[in-house]
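Summary of structural features
So the chains spell out like this:
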Amino acid sequence: MPSALLIPPESLARVADALAALARAGLPALEARMLVSHVTGLSRVQLITQDACAVKDAARRRISELATRRLAGEPMAYLLGEREFFGRMFRVTPAVLIPRPDTEVLVEQALDRLEERDAPSVLDMGTGSGIIAVTIALARPDARVWATDASADALAVAKDNAQALGASNVQTALGDWYGALAATGAPSAFDLIVSNPPYIAAADAHLGQGDLRFEPAGALTDNGDGLRHLRTIVAGAPVRLAAGGWLLLEHGYDQGAAVRALLAEAGFADVFTVQDLGGQDRCSGGQWPAENGA
Ligand code: GLN
């Protein structure tokens, strides 16, 4: 927590003053509105219609603190403690990766593949905040969804989100990849396995930039070539997929060909890659063949 507040709390007497002071300090208008709205509890519309409203002392100090941290680079999602994904608000803490809109592509693919299965069993490994597991569970109340993570702090956030959003069909398990399932009542064969694993190579300069500086390193990088965890997940999937089940993976923009090769070598059929909202390769998958081609 920075000791010096960049914006004097006494300059934030009314809503309009607070918004103006944050803008002068260099905060984008949208972020200023989000912070003031978060602290005061006023809606975005009320910020406009009640801009002469007095800001209480404690709130002034809090706004100044959060704005100071934002100007030092802390991600908005951590300052607000939440981020929207697939139209729902998810709680986030610095123990989890911040949900990215690109991951919605993976969820859409997952929901498409599940359409042909009744009461499917689903495994989301490295669930983090739980966005993938919870979104699938809410879209498919007939599904049983297992969400794993190697971080107990992350798993606690996933559990909170499942509970707060009413996804009672999500079960969590602590541990590394498939190892998390040992000694749980998880099914021996899943209809769908999904993961957005840490896929940034250790040497990637992006790790030192922007929001990534504040996110858990263990959620971002495999401390290797970027494909280490993707290899582990692909290698372990065949024995844990039902015949005709799908494996879907998020990956880096330049990893599509490598992930498709891993899937094909492991024996997956109908291997494909889809692009994210920015047109970059982002999600690849394949189907575990039904026995005897049946
Ligand atoms: N599954 C979570 C997400 O997609 C976390 C992924 C991660 O930490 N690598 O946001």
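A quick note: this is a predicted structure, and the numbers were derived from the prediction, not measured. (Residues numbered from 1 in each chain as written. Predicted model: local features only at pLDDT ≥ 70, side-chain atom pairs only at ≥ 80, totals over all residues. Heavy atoms only, no water.)

Observations regarding the pairing of strand 4 (residues 144–149)
Where burial is concerned, most of strand 4 is hidden: five out of the six residues are buried. The sheet contact formed by strand 3 (residues 121–125) and strand 4 spans five bridges and is parallel. Following the sheet pairing, Met125 is matched in strand 4 by Thr148. Between the parallel elements strand 3 and strand 4, the chain passes through helix 7 (residues 131–139) in a crossover that is right-handed. As judged from the five bridges shared by strand 4 and strand 5 (residues 170–174), these two strands associate in the parallel manner. By the bridge assignment, Trp146 is partnered in strand 5 with Gln171. For the handedness criterion, the β-α-β arrangement of strand 4, helix 8 (residues 152–164) and strand 5 is classed as right-handed. (Buried < 20%, exposed > 50% of the residue type's maximum accessible area, 1.4 Å probe, protein only. Helix = DSSP H or I, 4+ residues; strand = E, 2+ residues; numbered from the N terminus. Pairing = 2+ DSSP bridges. Right-handed = clockwise from strand over helix to strand, strands pointing away.)

A short note on the site of the ligand
Taken together, Leu97, Thr103, Gly126, Thr127, Gly128, Ile131, Ile132, Asn196, Pro197, Pro198 and Ala219 are the residues near the ligand. In the environment of the ligand, a nitrogen atom lies 3.1 Å from a nitrogen or oxygen atom belonging to the backbone of Thr127. Between the ligand and Ala219 there is a distance of 2.9 Å, counted from a nitrogen atom to a backbone nitrogen or oxygen. Notes on the ligand: free accessible area 300 Å², of which the protein chains cover 97%. Considering only residue class, the shell around the ligand consists of six nonpolar, five polar and no charged. (Near = heavy atom within 4 Å. Polar contact = N/O pair within 3.5 Å; in protein donor to acceptor, adjacent residues only side chain to side chain. Areas by Shrake-Rupley, 256 points an atom, 1.4 Å probe, with all protein chains shown as cover. Nonpolar A, V, L, I, M, F, W, Y, C, P; charged D, E, K, R; others polar.)

Considerations on the packing of aromatic side chains
Counting across every chain of the model gives four aromatic pairs. Taking the centre distance of 6.1 Å and the plane angle of 70° together, the rings of Trp246 and Phe272 count as edge-to-face. Within this pair, whereas Trp246 is found in strand 7 (residues 241–250), its partner Phe272 is found in strand 8 (residues 269–275), the two being separated by 26 residues in sequence. In this structure, Trp246 and Phe272 share a single accessibility class: buried. Measuring from ring centre to ring centre gives 5.1 Å for Phe268 and Trp288, while their planes differ by 65°; the resulting arrangement is edge-to-face. Taken together, the positions of Phe268 in the loop between helix 11 (256–266) and strand 8 and Trp288 in the segment after strand 9 (281–287) put the pair 20 residues apart, joining distant regions of the chain. (Phe/Tyr/Trp six-rings, centres within 6.5 Å; stacked < 30°, edge-to-face > 60°.)

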